[in-house]
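Structural features, examined
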Amino acid sequence: MAERPEDLNLPNAVITRIIKEALPDGVNVSKEARRAISQAASVFVLYATSCANNFAMKAKRKTLNAGDVMSAMEEMEFERFLQPLREALEAYKKGQKGKKEASEQKRKDKEKKNGTDENDKSRDEEEDEHMDDEQEGENEGEEEDVEN
């Protein structure tokens with residue numbers, strides 16, 4: 001864990017993108033202001049994580065979950081952000097569910113294809129064996145003719 005909040009800074013590109021999306025076009029932000037916003041964001045993340053961790057510890061868990069974060073936001077008096085946070089979490093869950101379903105379907109399709117391929121291989125192998133048997137029978141007949 002970091003010794004000081006300054007040790008944990010969010011990437012400048014992320015901070016710059018968030019700032020640009022939050023402000024109207026034509027508004028400039030000084031390098032110093034971007035740095036201050038970056039540090040404030042880092043402190044906020046650390047504080048929110050600490051509060052959420054307290055809720056997890058009270059529940060005798062080592063893993064923070066979304067409910068812990070929601071409770072932390074309330075405790076920190078950021079109630080007005082709860083609804084957008086819930087909506088973002090719901091969108092995330094739907095996206096993950098869609099990814100999982102797509103992955104499962106892809107796996108089933110692959111298994112189905114492999115099963116078909118294996119069936120084709122088995123049929124081909126059976127045909128090869130059958131042809132080998134026929135050739136052996138013919139060869140045996142030829143050997144008998146040679147012996148006679």
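Let me sum up the structure you'll find in this document. Quick caveat, the model's predicted, so the values are computed rather than measured.

Quick look at the nonpolar core
Residues A48, C51, A52, M70, A72, M73, M76 and L82 constitute the largest nonpolar core, which totals eight residues. When residues of this core are traced back to their parent elements, those giving at least two are α2 (31-58) and α3 (66-75). With residues up to four places along the chain from it excluded, the contact list for C51 reads A72, E75 and M76.

Quick notes on α3
Listed as buried for α3 are D68, M70, A72 and M73. If you check the start of α3, you find a side-chain oxygen 3.0 Å away from the backbone N of G67, and it comes from N65. At the C-terminal side of α3, E77 shows a positive phi close to 65°.

Observations concerning the packing of α2 against α3
Two elements in contact, α2 and α3, have axes separated by 8 Å at closest approach and are oriented at 115°. Judged on the interaxial angle alone, α3 and α2 are roughly perpendicular. Two packed elements cross with a definite hand, and for α2 against α3 that hand is right-handed. Contact with α2, carried on its side by F44, A48, C51, A52, F55 and A56, involves D68, V69, S71, A72, M73 and E75 of α3 and no other residues of that element. By residue class, the composition of the contact of α2 with α3 is nine nonpolar, one polar and two charged.

Digging into the packing of aromatic side chains
Enumeration over the complete set of coordinates arrives at two aromatic pairs. For the pair F44 and F78, a centre-to-centre distance of 5.3 Å together with 80° between the ring planes defines the contact as edge-to-face. Note that F44 is positioned in helix α2 and F78 in the loop between α3 and α4 (82-147), a separation of 34 residues in sequence. Seen from their ring centres, F78 and F81 are 5.6 Å apart, and the 45° between their planes marks the pair as tilted. We classify F78 as partly exposed; its relative accessible area is 28%. Aromatic rings pair up to connect F44, F78 and F81 into one cluster. The residue whose ring lies beneath K58 is F55, and the NZ or CZ to ring-centre distance is 5.1 Å.

Thoughts on unusual backbone geometry
Non-glycine residue K60 carries a positive phi angle of around 60°. Mapped onto the secondary structure, K60 falls in the loop between α2 and α3. Relative accessible area serves as the criterion here: at 77%, K60 is assigned to the exposed category. Residues other than glycine seldom take positive phi values, yet E77 does so here, at roughly 65°. Its place among the elements puts E77 in the loop between α3 and α4.

A few points about the pattern of salt bridges
Applying the stated criterion to the full structure yields four salt bridges. Here R17 and E21 are joined by a salt bridge, their closest N and O atoms 3.8 Å apart. With R17 and E21 both in helix α1 (residues 12-22) and four residues apart, this pair spans about one turn of that helix. Relative accessible area serves as the criterion here: at 48%, R17 is assigned to the partly exposed category. Among the residues examined, E21 registers a relative accessible area of 61% and is labelled exposed. For the salt bridge of R107 with E104, the shortest nitrogen-to-oxygen distance reads 2.2 Å. Here the residue R107 and the residue E104 both occupy positions in helix α4, the gap between them amounting to three residues, near one helical turn. Linked through salt bridges whose partners overlap, the residues forming this network are E104, R107 and E111.

What counts as what
- Each chain carries its own residue numbering, running from 1 in the direction its sequence is written.
- Under the rules for a predicted model, residues below a pLDDT of 70 receive no local features and side-chain atom pairs below 80 are neither given nor counted, while totals for whole chains, interfaces and linings still include all residues.
- To obtain the side-chain values, all non-hydrogen atoms of the structure were included, while hydrogens and water were left out.
- For the purposes of this section, nonpolar cores are sets of buried Ala, Val, Leu, Ile, Met, Phe, Trp, Tyr and Cys residues that join through side-chain atoms within 4.5 Å.
- A simple rule labels every residue: compare its accessible area, found with a 1.4 Å probe on the protein chains alone, to the largest value its type can have, and call it buried under 20%, exposed over 50%, or partly exposed in between.
- Secondary structure elements follow DSSP: runs of H or I of four or more residues count as helices, runs of E of two or more count as strands, with numbering from the N terminus.
- Contact between two residues is taken to exist if any of their heavy atoms lie within 4.5 Å; hydrogens are not considered.
- Identification of polar contacts relies on pairs of N or O atoms within 3.5 Å, with a donor-acceptor requirement for protein atoms, meaning one able to donate a hydrogen and the other able to accept it, and with residues adjacent in sequence counted only if both atoms are side-chain atoms.
- With axes taken as lines fitted to C-alpha atoms, and helix axes fitted only over the stretch in contact, angles between N-to-C directions fall between 0 and 180 degrees.
- By definition in this entry, angles of less than 35 degrees are roughly parallel, angles greater than 145 are roughly antiparallel, angles of 65 to 115 are roughly perpendicular, and the rest are oblique.
- Each crossing gets its handedness from the near helix: less than a right angle anticlockwise from the far helix is left-handed, clockwise is right-handed.
- Classification used: nonpolar for Ala, Val, Leu, Ile, Met, Phe, Trp, Tyr, Cys and Pro, charged for Asp, Glu, Lys and Arg, polar for all others including Gly.
- Two rings from Phe, Tyr or Trp (for Trp, the six-membered ring) form a pair when their centres are within 6.5 Å of each other. A pair whose planes differ by under 30 degrees is stacked, one over 60 is edge-to-face, and the rest are tilted.
- As a reminder, the over-ring test applies to NZ of lysine and CZ of arginine, requiring each to be within 6 Å of the ring centre and within 35 degrees of the ring normal.
- When a carboxyl oxygen of Asp or Glu is within 4 Å of a side-chain nitrogen of Lys or Arg, the pair counts as a salt bridge.

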